[in-house]
Amino acid sequence: MESLALLAAVIMLVMILLGVISLIAVFRRPKSSVSRGLFTVMHVASIFAGGWLMALPVGIGARLLGLIVFAAGCVGLLRIFRRTSRS
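Read on for an overview of the structure. (Residues numbered from 1 in each chain as written. Predicted model: local features only at pLDDT ≥ 70, side-chain atom pairs only at ≥ 80, totals over all residues. Heavy atoms only, no water.)

## Section: the overall build of the chain
Defined as follows: Numbering of helices and strands runs from the N terminus; a helix is a DSSP stretch of H or I covering at least four residues, while a strand is a stretch of E covering at least two. Think of it in three bands: with a 1.4 Å probe and only protein chains considered, a residue is buried below 20% of the maximum accessible area for its type, exposed above 50%, and partly exposed in between. Only heavy atoms enter the contact rule, under which two residues are in contact if any of them lie within 4.5 Å. Shrake-Rupley sampling with a 1.4 Å probe provides the accessible areas, and residues are treated as covered by the protein chains on show and by no other component.
Along its length, the chain carries three helices and zero strands. Each helix and strand of the chain, placed in order from N terminus to C terminus, yields the pattern α-α-α. Projecting the C-alpha coordinates of the chain onto the three principal axes gives extents of approximately 50 × 20 × 15 Å. Sorting the 87 residues of the chain into buried and exposed places 29% on the buried side. When contacts within the chain are restricted to residue pairs at least 6 apart in sequence, those whose partners lie at least 24 apart make up 64%. When the accessible area of the chain is evaluated, it comes to approximately 5900 Å², of which 76% is carbon and sulfur surface.

The following block contains the structure:
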């Protein structure tokens, strides 16, 4: 039972880190196509992680955290593709 709690804590930590990194990456402008690709992969991962957490039958706090991570990934993707199309 302790290993299950540890696994759940690690999964939550990864999701929170994806959200924080996604928020930080929103304010950075990718200068090369490699960094743009890495940012895109990271934002897509945060969208899937946040969406998965929102879809789980858990408490409202975890769903709210999933919504925040999901929103950060969506905003990041929008900003990357808007900057790409204008350049």
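Moving on from the coordinates now.
## Details of the side chain of His 43
Within the fold, His 43 resides in helix H2 (residues 33-55). Discounting chain neighbours no more than four positions away, the residues touching His 43 are Ser 22, Ala 25, Val 26, Ala 72, Gly 73, Gly 76, Leu 77 and Ile 80.

## Here we look at a nonpolar patch on the surface
Stated formally: A residue counts toward a patch only above 30% relative accessible area and without a salt bridge, and it is joined to like-charged neighbours within 9 Å or, for Val, Leu, Ile, Met, Phe, Trp and Tyr, to nonpolar neighbours within 5 Å. Any carboxyl oxygen of Asp or Glu within 4 Å of a side-chain nitrogen of Lys or Arg constitutes a salt bridge here.
Taken together, the side chains of Met 1, Leu 4, Leu 7, Ile 11 and Trp 52 make up a nonpolar region of the molecular surface, amounting to roughly 580 Å² of accessible area. Considering each element in turn, the nonpolar patch owes the most residues, three residues, to helix H1 (residues 2-26).

## Focus: the packing of H1 against H2
The cut-off we apply is this: Axes, fitted as lines to C-alpha atoms, cover a helix only where it is in contact. Angles between the N-to-C directions of the axes lie from 0 to 180 degrees. Note on terminology: angles under 35 degrees are roughly parallel, angles over 145 are roughly antiparallel, angles of 65 to 115 are roughly perpendicular, and the others are oblique. It is the rotation of the near helix from the far one that decides the hand of a crossing: anticlockwise by less than a right angle makes it left-handed, clockwise makes it right-handed. Amino acids outside the nonpolar list (Ala, Val, Leu, Ile, Met, Phe, Trp, Tyr, Cys, Pro) and the charged list (Asp, Glu, Lys, Arg) are all regarded as polar, and Gly is one of them.
Orientation of H1 relative to H2, taken along the N-to-C sense of each, is 135°, at an axis distance of 9 Å. The angle between the axes of H1 and H2 places the two elements in the oblique class. Both H1 and H2 take part in a crossing whose hand is left-handed. Contact residues: H1 offers Ile 11, Met 12, Met 15, Leu 18, Ile 21, Ser 22, Ala 25 and Val 26, while H2 offers Phe 39, Met 42, His 43, Ala 45, Ser 46, Ala 49, Trp 52 and Leu 53. When its residues are assigned to classes, the contact of H1 with H2 shows 13 nonpolar, three polar and no charged.

## Brief notes about H2
Inclusion rule: One less than the residue count of a helix, multiplied by 1.5 Å, gives the span that helix is expected to have.
The end-to-end C-alpha distance of H2, which contains 23 residues, comes to 33 Å, matching closely the 33 Å that a straight helix rising 1.5 Å per residue would cover. When we look at burial in H2, the residues that qualify are Ser 35, Phe 39, Thr 40, Met 42, His 43, Ser 46, Ile 47, Ala 49, Gly 50 and Leu 53.

## Regarding the nonpolar core
Which entries qualify depends on this criterion: Nonpolar core, defined: a set of buried Ala, Val, Leu, Ile, Met, Phe, Trp, Tyr and Cys residues in which side-chain atoms within 4.5 Å join the residues together.
Met 15, Leu 18, Ala 25, Phe 39, Met 42, Ala 49, Leu 53, Ala 62 and Ile 80 together form the largest nonpolar core, which totals nine residues. Elements represented by at least two residues in this core include exactly H1, H2 and helix H3 (60-86). Ranked by the residues each element gives to this core, the list is headed by H2, at four residues.

Shape is all these values report; function is a separate question.
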